[in-house]
Amino acid sequence: MDGKQRANLDDLRRRALDDNYSPPALTSTLEQDVLDGSERLNLSHAGGELNLPGEGVFLGLEEDLTHEVRSQSKSVRYDWRTRTDQTERRNQAFQSQMEGLTDAYMRFCAEDELRGRHGGNRWEELELRRQTRAGDSPTVEAVYEIKVVDSFETRTVDVDVLDAQGRLNIANLFVAGLMPCAPYTPHVAFTIRVLESYRTLHARCPQLAIHAYVKALCDQHEVEYYPYLRQQFSNAYDVYLEIRRRTDARVMNALGRDDSWRLKHACPACTYKLEGEDDLIFDMLTTMDGNDSLKRVLRRSKVEQDDESSEPTLGPSRERVDNRDAGDGYFIDRGMVEEWAKWRLADILPTEANSDEDNPCADRWKNMINDVTSKMWGIFDETGIFLALCRHGFVLVIADMIRSGELAKYPLAVVKLLLDTFGFKLGAGYDVGCHFGTTVNNSDLGEQARAQGFKSLVGSFHGHAHNRLCQLNFLATYVKGLGIEDLEGCERFFSRSNGLAKSCRYASRFHRQQEISTYCKQIDAVETYANLSNFLCTNYRQALNILKTEPVLHAWMEREGIEDVETFHEWLREEREYLLGLKAASRKDVETLEMEYVHKLKKLQDSTAKHATLLGLARQANRDDGDFVPGVRKEDVARRHAKDRVDGDREAVRELERLLKVSQTWTVSSPKWAETVVAIQRRDYQAALNALELVVVERIFELTKVNRSQTGYKMRTHIGKALQARSKAVRNAIERYNAAARELTPPKPDLTWNQVVEYAFLGDFDLLRDAEAVVLSRPWTRPAYRMYMDNYFKTLRAREEIKRLNVEIPRVITWIQDETRVLEKKEEALERAEDGTDEEQSRSWHLAVQVRLYRQRRGRFNAGHMARFRKLAGTPGFTGSIRPGRAVEVTESRRAQRAADGELLSRVNGDSEDEMEGVEETPAAADASPTGEDGVDDDEEGEDAHDEEVGELLYHISRIGLDDGDRPRADDDG
């Protein structure tokens with residue numbers, strides 16, 4: 001098809017879709033179908049059918065269309081639409097039917113539940129029903145042939161899914177448990193259980209992509225694989241996931257839960273606050289980090305190069321615009337992220353000039369400023385994700401990183417959303433949290449963050465790669481209120497989600513987002529929630545084990561004569577002050593006038609000697625027997641410049657002699673000269689020593705973590721790589737020290753790199769014995785003292801962890817009770833709905849089934865949660881409670897409902913006051929009041945009483961466990 005014919009075809013398409021356009025009268029239905037794009041048109045080999053523009057095409061095609069209608073033979077039809085047109089029309093066709101398809105899917109689930117099946121072969125019943133009808137009425141011809149792909153078989157069946165007009169109603173396929181791959185006339189359908197099997201397998205094994213799964217189906221069916229089979233499965237899978245999203249949205253709407261409900265209730269242990277619980281330093285702990293594994297290639301057009309030797313140029317994007325949303329509420333809108341784009345960050349990133357004194361890493365943000373302008377390769381659109389989790393591992397929010405690295409705008413947008421959603425006292429762990437804290441304070445978010453008590457933290461794993469000063473402020477061991485949380489949940493999440501890279505790398509924007517959100521939703525529901533009680537109980541036992549080391553700590557304190565644990569806090573302050581002093585001393589340039597005078601004298605001597613040398617060269621060049629050079633000789637130019645420097649140095653010396661009141665210029669033999677030179681040598685040596693001591697001492701403190709027991713291989717490797725990356729600074733400091741040491745009288749021995757890296761601790765660093773500070777006399781420099789100091793702070797964090805767990809465990813127990821009760825009540829209400837037509841009652845029953853399935857999906861883990869909590873309650877040292885409490889939001893909701901009911905009742909009473917005047921209230925009318933004397937509904941009073949009975953029963957069970965706690969049990973794993 002040439003350009004002219006293609007233009008005429010596009011003109012036909014526009015005319016057919018224009019409601020205000022009336023084409024010439026066409027007699028056949030096929031003619032209309034051809035023009036609106038639902039049927040294909042045969043073009044002759046001679047061509048020319050589309051050469052006529054506008055309405056002439058209708059007249060030119062009249063004869064051919066009539067012949068096509070009358071033809072009974074099945075000829076080959078050609079589709080001149082592009083793949084983009086086909087995909088867009090298919091998506092639009094499915095979207096236009098999606099409400100009806102969702103109804104059919106819910107009906108399938110309800111009937112399947114009623115039969116006690118789970119995705120069974122309902123399509124066999126359709127074929128049987130067709131055969132039965134055909135036997136009763138031989139004239140019935142409303143059947144449709146379709147190929148059904150199941151897990152272990154493929155069968156072509158004739159199903160009765162046509163409506164009264166003989167048109168295919170694909171909703172009937174959904175009722176049969178079949179998912180078609182085309183919106184109008186599908187020839188292939190997949191059973192729902194095949195699609196559900198892939199969804200669950202893909203969540204557990206992200207590396208299993210559609211391509212591999214379809215090949216496995218072909219192997220099971222013993223057929224050859226073709227690429228179109230993968231496309232058919234992908235189409236059906238997209239429709240299936242969209243229907244599941246719409247079904248879940250209906251369930252959430254029936255429960256009165258809006259789009260923000262998922263984030264506000266992402267984690268029961270973090271968000272479901274109870275009345276009367278202990279106050280925590282951090283109401284919620286989160287962790288966030290970026291990952292570039294889930295990047296996506298942007299399809300671009302090819303650009304022809306004029307010069308073959310020139311570098312290739314990236315062409316414009318040729319991707320189809322797909323505005324479908326598959327984020328499931330996990331992704332932040334890109335516009336919210338761009339509010340913190342580069343032009344706003346230029347003035348807020350920390351630098352040495354505006355750095356926070358409490359942030360020792362802020363002066364290293366110059367690298368981050370360079371990263372602001374960094375760009376990922378142009379072949380990628382999304383270059384990764386920026387993820388935020390709660391400390392228990394539930395996904396809170398995801399931001400796409402767009403054609404850039406891990407810029408500050410992504411964590412800023414995430415923190416803004418978290419602060420708006422969760423409010424006060426939020427702690428966020430980040431691998432560069434020390435840097436990020438200063439960025440937040442300098443940004444527009446700073447005022448809100450300070451008012452709501454936001455704290456930027458550093459994870460334990462990454463924290464050991466920071467310098468020691470940063471660790472004293474941000475390392476998890478020393479942060480009050482953090483407990484034993486390591487804030488490294490993102491690393492564990494990425495280790496699993498990286499398997500999605502194969503499915504996301506060449507996917508469309510929609511499919512990539514669908515892959516990630518589907519994975520997160522499934523993992524939250526069946527893995528993170530399933531492990532929630534195990535996480536809480538394991539942390540509780542770990543904290544108790546740490547507290548068991550306290551007697552050893554107290555015995556050591558008694559032996560060493562340490563009377564109070566406040567001594568450990570004092571040691572930590574001393575260490576911080578010492579390192580700050582070294583940092584300041586390494587930058588401080590103390591120079592007296594005498595030192596400057598000697599320095600200028602030396603400079604004058606050097607410039608005078610150089611001038612004398614250049615003067616001799618100039619005289620030699622100007623001799624009579626010298627070579628002739630036109631113009632000014634370069635030797636004369638160099639001599640004049642040297643003379644100017646001599647004059648300048650002599651003037652500086654005279655100015656200093658005037659200030660020092662020196663009557664006679666000092667010489668090398670002058671006593672003052674010798675004394676000042678010694679002072680200069682000591683100053684240079686001390687400055688070099690302080691600089692070397694700073695970089696080496698920080699690394700030594702980190703090496704103690706490497707050499708300490710219970711430090712894992714990955715942690716050792718991580719710290720070792722960080723030390724290696726910054727080894728250049730240590731080498732430069734050694735060279736500076738050696739140069740200063742050689743100038744001393746007598747000179748100090750040189751220090752080698754091998755000597756430094758072999759030092760195991762501060763006391764082995766013989767170089768520090770020459771330092772002015774008496775650091776070696778301080779107790780915290782000794783290995784044993786530092787180890788017990790860290791053990792003390794670990795016991796503090798263990799107590800904080802137990803306090804937090806004593807809050808979080810009742811939250812989870814109360815959530816289990818309240819959520820189960822709410823879902824059961826809603827399910828019962830939907831099942832008993834008697835209002836409305838039969839169709840509305842049927843839909844209510846279908847929705848009740850979905851509510852039950854929603855309850856069962858996560859409720860299946862509740863029994864395991866309660867069993868772990870009861871076992872934990874029998875552990876010696878457990879100080880919490882497994883009684884359910886009363887949720888704050890439930891109380892607030894009831895209070896708001898009472899207020900609304902009271903306002904409505906007052907309005908009704910006010911409107912009927914005239915009619916009721918003079919009529920006394922009867923006892924029956926008083927009994928008809930919807931609330932009791934205290935304003936609480938009778939149903940709510942019964943629920944509260946039931947809650948108290950359940951709480952008492954659980955409490956007594958826990959007490960029995962406590963009484964038996966000292967008895968050995970075969971199944972005790974704690």
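This structure is a prediction, so every number in the text was calculated from the model and none was measured.

**A few points about the overall build of the chain**
Consideration 1: Each helix and strand in the chain was counted, giving 39 helices and nine strands.
Consideration 2: A buried classification covers 45% of the 974 residues belonging to the chain.
Consideration 3: Intrachain contacts of the chain at a sequence separation of at least 6 include 76% that bridge at least 24 residues.
Consideration 4: When the accessible surface of the chain is summed, it comes to about 51,900 Å², and 50% of that surface belongs to carbon and sulfur atoms.

**Observations regarding the packing of helix α16 (residues 409-422) against helix α17 (residues 433-442)**
Consideration 1: Between α16 and α17, whose axes approach to 11 Å, the crossing angle comes to 70°. Classified by the interaxial angle, the pair formed by α16 and α17 is roughly perpendicular. Where α16 crosses over α17, the handedness of that crossing is right-handed. Across the interface between the two elements, Pro411, Leu412 and Val415 from α16 touch Phe436, Thr439 and Val440 from α17.
Consideration 2: Within the contact of α16 with α17, the residues separate by chemical class into five nonpolar, one polar and no charged.

**So, the sheet that holds strand β7 (residues 395-402)**
Consideration 1: Pairing within the open sheet is mixed, and its five strands lie in the order β7-β6-β5-β8-β9. Among the strands making up the open sheet, the edge pair consists of β7 and β9 (455-457). Here the strands of the sheet are splayed against their neighbours by 20° on average, with no regard to which way each runs.
Consideration 2: Bridge count for strand β5 (residues 284-291) against strand β6 (residues 382-390) is six bridges, and the pairing is antiparallel. Paired with Asn291 across the strands is Ile385, a residue of β6.
Consideration 3: Relative to β7, α16 is tilted by about 155°, and along the sheet it contacts β5, β6, β7 and β8 (426-429).
Consideration 4: Sheet contacts for helix α21 (residues 489-497): β5, β6 and β7; angle to β5, the most-contacted strand, approximately 45°.

**A few points about the pattern of salt bridges**
Consideration 1: Under the counting rule described, the total for this entry stands at 46 salt bridges.
Consideration 2: Salt-bridge contacts for Arg573 lead to Glu566; the nearest nitrogen and oxygen are separated by 3.4 Å.
Consideration 3: Judged by its relative accessible area of 38%, Glu566 falls in the partly exposed class.
Consideration 4: Asp647 is the partner of Lys643 in a salt bridge, and the nearest nitrogen-oxygen pair spans 3.0 Å. One end of the pair is Lys643 and the other is Asp647, both in helix α28 (residues 634-660) and four residues apart, which spans about a single turn.
Consideration 5: Accessibility expressed as a relative area gives 32% for Asp647, which makes it partly exposed.
Consideration 6: Counted as one network, the salt bridges with shared partners bring together Glu99, Asp103, Glu242, Arg245, Arg246, Arg250, Glu839 and Arg843.

**Let's talk about the pairing of β7**
Consideration 1: Taking burial as the measure, the eight residues of β7 include eight buried ones, the bulk of the element.
Consideration 2: Here seven bridges tie β6 to β7, and the two strands are oriented antiparallel to one another. Looking at β7, one finds that Leu387 is bridged to Ile398.
Consideration 3: Adjacent in sequence and paired antiparallel, β6 and β7 are bridged by four residues, among which Gly393 carries a positive phi angle near 105°.

**Some points on the sheet that holds strand β4 (residues 188-191)**
Backbone hydrogen bonds hold the strands of a sheet together, and the pairing may be parallel or antiparallel.
Consideration 1: With mixed pairing, four strands are arranged side by side in an open sheet as β2-β1-β4-β3. In the strand order of this sheet, the two ends are held by β2 (154-159) and β3 (178-180), each with one partner. Adjacent strand axes in the sheet meet at a mean angle of 35°, parallel and antiparallel pairs treated alike.
Consideration 2: Packing against the sheet, helix α8 (residues 192-204) makes contact with β1 (144-149), β3 and β4, and its axis sits at approximately 60° to β4.

**Description of helix α9 (residues 210-221)**
Consideration 1: Helix length check: α9 (twelve residues) gives 16 Å between terminal C-alpha atoms against 16 Å at 1.5 Å per residue, within 8%.
Consideration 2: Buried within α9 are the following residues: Ile210, Tyr213, Val214, Leu217, Cys218 and His221. Seen along its axis, α9 keeps its buried residues to an arc of 145°; they face one direction.
Consideration 3: Turning to α9, the residues buried within the fold contact β1, β2, α8 and α10 (227-254).
Consideration 4: Once α9 ends, the next one or two residues include Glu222, with phi positive near 60°.

**Digging into the UniProt feature "coiled-coil region" (unreviewed entry) in the chain**
Consideration 1: In this structure's numbering, the residues bearing the UniProt feature "coiled-coil region" (unreviewed entry) are residues 816-843.
Consideration 2: For the annotated span residues 816-843, helix accounts for 79% and strand for 0% of the residues, and the straight-line distance between the end C-alpha atoms is 28 Å.

**Regarding unusual backbone geometry**
Consideration 1: Phi at Glu222 takes a positive value of approximately 60°, unusual for a residue other than glycine.
Consideration 2: One non-glycine residue, Lys661, adopts positive backbone phi at about 60°.
Consideration 3: By relative accessible area, which is 75% here, Lys661 ends up exposed.

**Examining helix α23 (residues 509-528)**
Consideration 1: Relative to the 28 Å expected for 20 residues at 1.5 Å per residue, α23 spans 27 Å between its end C-alpha atoms, a close match to the ideal helical length.
Consideration 2: The element α23 is extensively covered by neighbouring structure, given that 17 of its 20 residues are classed as buried.

**As for the side chain of Glu800**
Consideration 1: Of note, Glu800 is situated in helix α33 (residues 783-831).
Consideration 2: Separated by 3.4 Å, the side chain of Glu800 and the backbone nitrogen of Leu482 make a polar contact.
Consideration 3: Setting aside residues up to four positions removed in sequence, Glu800 forms contacts with Val479, Lys480, Gly481, Leu482 and Gly483.

**Some words on the environment of Tyr685**
Consideration 1: By the element assignment, Tyr685 lies in helix α29 (residues 671-707).
Consideration 2: You can call Tyr685 buried: its relative accessible area is 6%.
Consideration 3: Each C-alpha atom of the pair Tyr685 and Ala741 lies 6.1 Å from the other, and the pair is 56 residues apart in sequence.

So, how was this worked out
Residues numbered from 1 in each chain as written. Predicted model: local features only at pLDDT ≥ 70, side-chain atom pairs only at ≥ 80, totals over all residues. Heavy atoms only, no water. Helix = DSSP H or I, 4+ residues; strand = E, 2+ residues; numbered from the N terminus. Buried < 20%, exposed > 50% of the residue type's maximum accessible area, 1.4 Å probe, protein only. Contact = heavy atoms within 4.5 Å. Areas by Shrake-Rupley, 256 points an atom, 1.4 Å probe, with all protein chains shown as cover. Axes fitted to C-alpha atoms, helices over the stretch in contact; angles between N-to-C directions. Parallel < 35°, antiparallel > 145°, perpendicular 65-115°, else oblique. Left-handed = near helix turned anticlockwise from the far one by under 90°. Nonpolar A, V, L, I, M, F, W, Y, C, P; charged D, E, K, R; others polar. Pairing = 2+ DSSP bridges. Salt bridge = Lys/Arg side-chain N within 4 Å of Asp/Glu carboxyl O. Expected span 1.5 Å × (residues − 1). Arc of directions from axis to C-beta. UniProt positions renumbered as here; feature names shortened; annotations may be inferred. Polar contact = N/O pair within 3.5 Å; in protein donor to acceptor, adjacent residues only side chain to side chain.

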